[in-house]
Amino acid sequence: MSQPAKKSVLERRDQALKRRRRWATVSVIFTLALVCFSYYFYQVFFTANIETKGKPTYVVIQRGDDWKAALKTIDATGVVVDKLSLHFVAKLMKYPEHVKPGRYELKEGYTNRQLINVLKAGLQSPLKLTFTNVRLRGELATKLSSQIDARPGQIDSLLSSPAYTQSLGFDTTTVLSMFIPNTYELYWNTSAPNLMQRMKKEYEKFWTPTRDAQREKLDLTRAQVSTLASIVEAEQQQHADERPRIAGVYLNRLKKGMKLQADPTVVYANRDFGIKRVLNVHLKKDSPYNTYMYAGLPPGPINLPSIASIDAVLKPESNNYLYFCAKEDFSGYHAFATNETGHLLNARRYQAALNRAGIR
């Protein structure tokens, strides 16, 4: 073989070897890249990315939020380990096209994939709705709206609608008795009408055949029981064990046709809940809620009575008392009397204690 031909063969071999080396290098790089990508893919999709450290963590995705606003809300909780990977997975899983408002729990150990699946499917965590210490319709609307996706005005407009409240079996003054203070599980995006229907359902569940039989013995409607219970609740907020006795007093007065003369109704009539001592000027307020001025029960509850107060009315203490006033020892309990003379003595002792304490 001639020298040039021999050289040509060697060059071709050398070029082939170089090509094989290049392909080998490319193959190694590609394999490494694939391994790295697979590892990253596994990490971002299947590795835990939520660390709550045992603290229950919830987020509320507001109605109208886009995916960026939703993820910003989640990021702000401080429980996302790798925010970038969460956003990356959200895009890959098409979360931008499936944002659903609601209240969601960010559970310990959630992967990005699990979290995005929950958000896309709208798998909300129910909240515990509570409402206590409510006297007025507006207060109730505000307290309810602070917990669910309904504006105060939406709730208040239903509560103040004669036609709507009638459809529920109430009027605008008695409808508050439909709200039995308790803890109820429901979803954040519950609308105002759906909330009303839920409360109506819970109200009917509360009034068991046993409770209805008890109120029928007293010759009271459900609304009247709640109204009387609201007075009992206002009279005795500290010691629930005394409420059946107070209920017995008011039931005795009703049976005898006596005016209830309940101070809490006068406070409610004056709409001045800072009154500590009911005076003659307060008693002159002309209102159907003023039980010093008008006989019988007021037209509706003066607060949302607790279950304990409602049951105190349904199972009152059988007694002959017609009067009571706060004890002069400021214990929160009351001194009871069967006649006006005894009551006036109790009242003078209490008034003297108020004067000594400088309470006006």
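Quick notes on the rules
Residues numbered from 1 in each chain as written. Predicted model: local features only at pLDDT ≥ 70, side-chain atom pairs only at ≥ 80, totals over all residues. Heavy atoms only, no water. Helix = DSSP H or I, 4+ residues; strand = E, 2+ residues; numbered from the N terminus. Buried < 20%, exposed > 50% of the residue type's maximum accessible area, 1.4 Å probe, protein only. Contact = heavy atoms within 4.5 Å. Areas by Shrake-Rupley, 256 points an atom, 1.4 Å probe, with all protein chains shown as cover. Axes fitted to C-alpha atoms, helices over the stretch in contact; angles between N-to-C directions. Parallel < 35°, antiparallel > 145°, perpendicular 65-115°, else oblique. Core = buried A, V, L, I, M, F, W, Y, C linked by side-chain atoms within 4.5 Å. Arc of directions from axis to C-beta. Polar contact = N/O pair within 3.5 Å; in protein donor to acceptor, adjacent residues only side chain to side chain.

> I'm lost on the overall build of the chain in this one. Help?
Each helix and strand counted, the chain has 15 helices and six strands in total. Within the chain, buried positions represent 41% of all 360 residues. The contacts of the chain with a sequence gap of at least 6 include a subset with a gap of at least 24, amounting to 63%. Put simply, the chain shows about 20,100 Å² of open surface, and 53% of that area lies on carbon and sulfur atoms.

> Would you mind going over the packing of helix α9 (residues 209-217) against helix α14 (residues 307-314) with me for this structure?
Packed helices, taken two at a time, are described by the angle between their axes plus the distance between the axes. At a minimum axis separation of 9 Å, α9 and α14 run at an interaxial angle of 50 degrees. For the element pair α9 / α14, the angle class is oblique. Side by side, α9 and α14 meet where Arg211, Gln214 and Arg215 of the first sit next to Ile307, Asp311 and Leu314 of the second.

> Would you explain the nonpolar core in this entry?
The nonpolar side chains of soluble globular proteins are, as a tendency, buried together. Leu129, Phe179 and Met196 are the most contacted members of the largest nonpolar core, which totals 54 residues. The element best represented in this core is helix α8 (residues 192-206), accounting for six residues. The next biggest cluster of nonpolar side chains, apart from the first, holds 22 residues, and it includes Ile50, Leu106, Ile116 and Leu119.

> Whenever I open this one, helix α3 (residues 83-92) confuses me. Can you help?
Since one α-helical turn is 3.6 residues long, residues separated by three or four positions face the same way. Here α3 has its buried residues at Ser85, Leu86, Val89 and Ala90. For α3, the buried positions fall inside an angular range of 140 degrees around the axis, keeping them on one side. Turned more than 90 degrees away from the buried face of α3 sit Leu84 and Lys91, all of them exposed. Sitting at the amino-terminal end of α3 is Asp82, which places a side-chain oxygen 3.2 Å from the backbone nitrogen of Leu84.

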